[in-house]
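# Structure assessment
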Amino acid sequence: MAKSPLSSGRVVVIFTSWFAIWALLQTHVLLNFGLRAVTALSDSAFSNTILALCCVLISNGMQYYLPKKDRYWYILFISLGLAALCTALCKAALVPLLHTPGDPVDYAVFFTRSWTVRLDFAFLQIGCMCILSVLWYSSEEEQENRQRRNDAERLAKEAELFKLRQQLAPHFLFNSLNSISALIGSRPEQARKMIQQLSDFLRGNLRKEDQQWIPLTEELQYLELYLEIEKVRFGHRLSTELDYAPECLEYRLPSMLLQPIVENAIKFGLYDTTDSVTISIRARLVDNYIRIEVVNPFDPETSRPKKGTGFGLTSIQRRLYLLFARPDLLETRVEENLFITTVRIPANWPAANPTQTAQP
Amino acid sequence: MNETNSTQPSQPSSQRITAALIDDEPLARMIVREYLQSYPNITIVQECNDGFEGLKTIQLHHPDLIFLDIQMPKINGFEMLELVENPPAVIFTTAFDEYAIRAFETHAIDYLLKPFSKERFDKALHKWLDGYKPEPESAAAQPAATNPAITNPTNTQSLLDTAAESPAQQQRVVVKTAGKIKIIPIEDIHYLEAADDYVKIHTHNGAFLKNRTMGYFEKVLDPTRFVRTHRSYIINIQQVTRIEPYEKDSHLCVLSSGAQVPVSKAGYVKLRSVLGL
């Protein structure tokens, strides 16, 4: 539920001062009408206190009941009712108390003459308070709704990103396990090494779920691990080249972004030709972008890479769009029989820049 | 050779069984080779890195049994099998392929999900070996390859029919032409024409024959892109340049290559609905 405006200390101070000022003004007016100072002070103090209490009452009451949009005129009636009550209370309390015979101005007569003005003022004050409260509560409600909506959107986005990151191909895992199974018989040492590598790879995969941005250097290490495992499987025809400019190593990029691209390149390269395959990965800092290129050979005779980027790349495009709200950060091009996938990460993006990122 | 011999059926030692291993991962072949060591009567005639080598080996050595991976370079295991005239018995070895598993469940001799145990391997092999046990004498007397129970062509055929519905295979057609294997991306196909027991696939670099029926292609090809306009013709609608009236009830479809393809009355209705006319 929305908090009452009077729960904030600052509002209470303003509220109190407001009525104090009105009390002073009223005292001044009453003195001008020739009332004695004590009478004037008591009158304004009492009536303004009652008024303030009524305002508190109405404001807190609206916490529980807020008139709907088409029932805003209820406010008028409520305010009028409360103003009448206020004036009646003042009359009932003040007249017997402050009426002393022999005063220059007869207080009872003065009150009878001034009650319409008192009622008007009370009505205006309470009415104002009502309207302010309605505005306050509506905006609180609106803010809560927006918060909820944002939360829902954020959750949906996170879920989607999580799903997109979870593209660890079961093929890769099962084939690696099969390789290990084959190695155990004849080359147990190598089998053990591969188990180690696979574990490191899987551990990295798990850890990165909650750590969204990681330095390029870490991602490259992780890729090397992945490529090492692939080389055990396809060692006879897979080789890799890793080429990066040292200045981009510290920049951060979304975790698990490059691996599906490399995976795609390997799949593309290895399954589209029967020859040896070289996969190149290059990272450069160009025009304020971290530009990472993954190159794989393909057979232009049988493959049409331009038509549809394949699932691996579609999910990367989607992730980049969710993160940066830009559709142009993933590009592919063909140079003779090479297929080149380029990812660009804006280097001045707060989460990407090592100097701007406060690492918790 | 080892203790596991007790789990094997009694096979006449005179009966030689030949096998080929077709898998692009050397280690995956290695484990099959290792497991096969306990079957002294099974000889590995060849290990193949891909479907092309597999095809050559099958034509050259006619193995009784092949261990076949599905995901392989250039042409996958199913596509390779399509090109074999009398396919041998097949035991698939694959890591994870939901679609393939569905296909196996109905038709295959067996499939081994990598990584598989020796026990599972033995079970698959015995399933096949037991297949020709009913007449051990006659089976022993004749070469294994001629025994219909082993090659089991109907099973392999229905397996291929099911596998052909997998998404990968709807993207391309693999044909054999003059001893060479050609992969035709389906967007390159202009039209298909029935030719006796074959289907003639017309593309911009020539026509190729494939040992399939029109009904098969009609089922496999994407119906929003390919329309059977006639009993003997299926056209790629992206190639259509115009449709002209021909005789009283029929039309003629002119393709961008200039080829003219007959359109029957029923075919015209189908073509119009696909083209949104």
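Data block above holds the structure.
Keep in mind it's a predicted model, so treat the numbers as computed, not measured.

Calculation notes
Per chain, residues are indexed from 1 in the order of the written sequence. As a convention, the first chain written is A and the first ligand written is 1, with the rest following in written order. Only residues with pLDDT of at least 70 get local features here, since the model is predicted, and only at 80 or more are side-chain atom pairs given and counted; chain-wide, interface and lining totals rely on the full set of residues. Once C-beta atoms have been placed from the backbone, residue pairs whose C-beta atoms lie within 7 Å are recorded as contacts. Put simply, DSSP marks the helices as runs of H or I at least four residues long and the strands as runs of E at least two long, and each gets a number from the N terminus on. Note on residue classes: Ala, Val, Leu, Ile, Met, Phe, Trp, Tyr, Cys and Pro are nonpolar, Asp, Glu, Lys and Arg are charged, and everything else, Gly too, is polar. Residue burial is a threshold on neighbouring C-beta atoms within 10 Å of the residue's own C-beta, all placed from the backbone, with 20 or more meaning buried, 12 or fewer meaning exposed, and counts in between meaning partly exposed. In this scheme, a helix's expected span is set at 1.5 Å multiplied by one less than its residue total. Two strands make a pair as long as DSSP finds a minimum of two bridges between them. Fitted lines through C-alpha atoms serve as axes, helices being fitted only where they are in contact, and the angles separating the N-to-C directions of these axes extend from 0 to 180 degrees. An angle counts as roughly parallel when it lies under 35 degrees, as roughly antiparallel when it exceeds 145, as roughly perpendicular when it falls between 65 and 115, and as oblique in every other case. Left-handed describes a crossing whose near helix is turned anticlockwise from the far helix through less than a right angle; right-handed describes the clockwise counterpart.

Let us look at the interface of chain B and chain A. Listed by partner, the interface residues are 19 residues for chain B and 21 residues for chain A. Sorting the residues of the side of chain B that touches chain A by element identifies helix H1 (26-36) and strand E7 (180-185) of chain B as the ones contributing at least two each. Tallying contributions element by element places H1 of chain B first for the side of chain B that touches chain A, with 6 residues. Classifying every residue of the side of chain B that touches chain A by side-chain character gives 12 nonpolar, 2 polar and 5 charged.

Bringing the environment of Lys 210 of chain B into the picture now. Residue and element names in this part refer to chain B. Positionally, Lys 210 belongs in strand E10 (residues 206-210). Lys 210 gets classed as buried once you count the C-beta atoms within 10 Å, which come to 21. For the pair Lys 210 and Val 173, spaced 37 residues apart in the sequence, the C-alpha separation amounts to 9.0 Å. Not counting residues within four places of it along the chain, the set of residues in contact with Lys 210 comprises Val 173, Val 175, Tyr 198, Val 199 and Ile 201.

Counted at 1.5 Å a residue, the expected span for helix H7 (residues 216-234) of chain A with its 19 residues is 27 Å, and the 26 Å between its end C-alpha atoms agrees. Within the sequence span of H7 of chain A, burial applies to Leu 216, Glu 219, Tyr 222, Leu 223, Tyr 226, Ile 229, Glu 230, Val 232, Arg 233 and Phe 234 of chain A.

Residue and element names in this part refer to chain A. What the 5 strands build is an open sheet, ordered E2-E4-E5-E7-E6; its pairing is mixed. Every interior strand has two partners, whereas the edge strands, strand E2 (238-244) and strand E6 (330-335), have only one. Sheet twist, expressed as the average angle between the axes of neighbouring strands with direction ignored, equals 15 degrees. The pairing of E2 with strand E4 (residues 277-286) spans 7 bridges and is parallel. In the sheet register, Ser 239 faces E4, and the bridge partner there is Thr 278. Contacting E2, E4 and strand E5 (289-297), H7 runs over the sheet at an angle of about 170 degrees to E2. Running over the sheet, helix H8 (residues 258-272) touches E2, E4, E5 and strand E7 (338-346) and is turned about 20 degrees from E5.

Residues and elements named next belong to chain A. Their axes nearest at 10 Å, the elements helix H6 (residues 188-207) and H7 cross at an angle of 140 degrees. Taken together, the axis directions place H6 and H7 in an arrangement best described as oblique. Regarding H6 and H7, the two cross each other, and that crossing is left-handed. Across the interface between the two elements, Met 194, Gln 197, Leu 198, Asp 200, Phe 201 and Gly 204 from H6 touch Tyr 222, Leu 225, Tyr 226, Glu 228, Ile 229 and Val 232 from H7.

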